[in-house]
Structures are given as structure tokens and as C-alpha cells.
Amino acid sequence: MLNLPQKTLAKVRDLLLRRQKEVDQQLKSLEKSDPVLLDGVAEASESGTESWLADTHRRLTAVKNDLLDFSSRITSSLLRIKKGTYGKCERCKIAIETERLKVMPMATLCLACSQKFVNSKKR
Ligand SMILES: [Zn+2]
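Criteria and thresholds
- Residues numbered from 1 in each chain as written.
- Predicted model: local features only at pLDDT ≥ 70, side-chain atom pairs only at ≥ 80, totals over all residues.
- Heavy atoms only, no water.
- Helix = DSSP H or I, 4+ residues; strand = E, 2+ residues; numbered from the N terminus.
- Buried < 20%, exposed > 50% of the residue type's maximum accessible area, 1.4 Å probe, protein only.
- Areas by Shrake-Rupley, 256 points an atom, 1.4 Å probe, with all protein chains shown as cover.
- Donors = N, O, S within 2.8 Å, 3.2 Å for Na, K, Ca; no water.
- Tetrahedral: all angles 85-135°; square planar, octahedral: opposite > 155°, others 65-115°.
- Salt bridge = Lys/Arg side-chain N within 4 Å of Asp/Glu carboxyl O.

In the nomenclature of an unreviewed UniProt entry, the chain corresponds to Transcriptional regulator, TraR/DksA family from the organism Candidatus Daviesbacteria bacterium GW2011_GWA2_40_9.

In C-alpha cells form, the structure reads like this:
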């Protein structure tokens, strides 16, 4: 049984919804600044312009993928709040430390498991 008070959950949900809005806006402005996605720019193909376009596009796509990843983590956290499984460690099923959730509202692992995870990744 999870012991997160409703008040904490509501706060986390608000925070996540706010973050999601921010990410959405960032994604939108990113698309606006991507020259490859803009109409007409593809016409301009002076030497050097194309590689600049490709570079910029690649860089923006990387940022975009990060944002999309972030966004999907927010979505799944919101879903877990809805289903009532928010705050439960995905590995050992114990409740994730409340202090940890306050700092990292999208954490899916308890402190101990996440440390094990980080260590196993380093190998
Ligand atoms: Zn755990």
C-alpha cells in the first residue's frame, strides 16, 4: 500500500502537468526554428548552406528526441497517478522515498534500486 498523501499527489500532478505544458511549448518553438521543417528554405542551396541545414537539423532533432523522451516520462507518471501506482518502485515494488519523489517526480525506482541500476550501467 502506498502512503503518499493525496495532497502530495495533487502537488506532483500539478507539477507534472506544468512541465508537460513547458515541454510542449519547447517542442513547438523547436519545430519553428528547424530550417529543414520550414517551407521554402530548402530552396536555398548555396554551397555551405546545406551542411549548415543538416547540422542544425541534426542538433535540433537530438534536442527534440530528449524532449519527447521527457514528455513520455511525464505522461507515464501521470498515468501511474491515475492508476494509483504512482510512487511504487518498478523493481522491488516498495514505496519510493517521498523526499526522492519531491526532487525527482518522475522517478520510477527507489533510491536503492536506482543506485543498483546506475552501477550496473557503469560496467
Ligand atoms: Zn526499489
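A. Quick look at the overall build of the chain. Within the chain one finds four helices and zero strands. For the chain, the α and β elements follow one another from N to C terminus as α-α-α-α. The burial tally for the chain puts 28% of its 123 residues in the buried class. By element, 54% of the accessible surface of the chain is carried by carbon and sulfur atoms, the whole surface being about 8,900 Å².

B. Spatial organisation of the coordination of the zinc ion. In the first shell of the zinc ion, the protein supplies Cys89 (SG), Cys92 (SG), Cys110 (SG) and Cys113 (SG), at 2.2 to 2.4 Å from the metal. In this structure, the zinc ion is surrounded by four donor atoms whose angles at the metal cover 104 to 118 degrees, and the resulting shape is tetrahedral. Read from N- to C-terminus, the donor residues coordinating the zinc ion fall into the pattern C-x2-C-x17-C-x2-C. Of the two residues, Cys92 is situated in the loop between α2 (49-83) and α3 (98-103) and Cys110 in the loop between α3 and α4 (111-122); the sequence distance between them amounts to 18 residues.

C. Just the pattern of salt bridges, in detail. Under the definition given, this model contains three salt bridges. Note that Glu99 and Lys102 form a salt bridge whose closest N and O atoms lie 3.5 Å from each other. Of this pair, Glu99 and Lys102 both sit in helix α3, three residues apart, roughly one helical turn. Since its relative accessible area comes to 54%, Glu99 is described here as exposed. A relative accessible area of 54% means that Lys102 is categorised as exposed.

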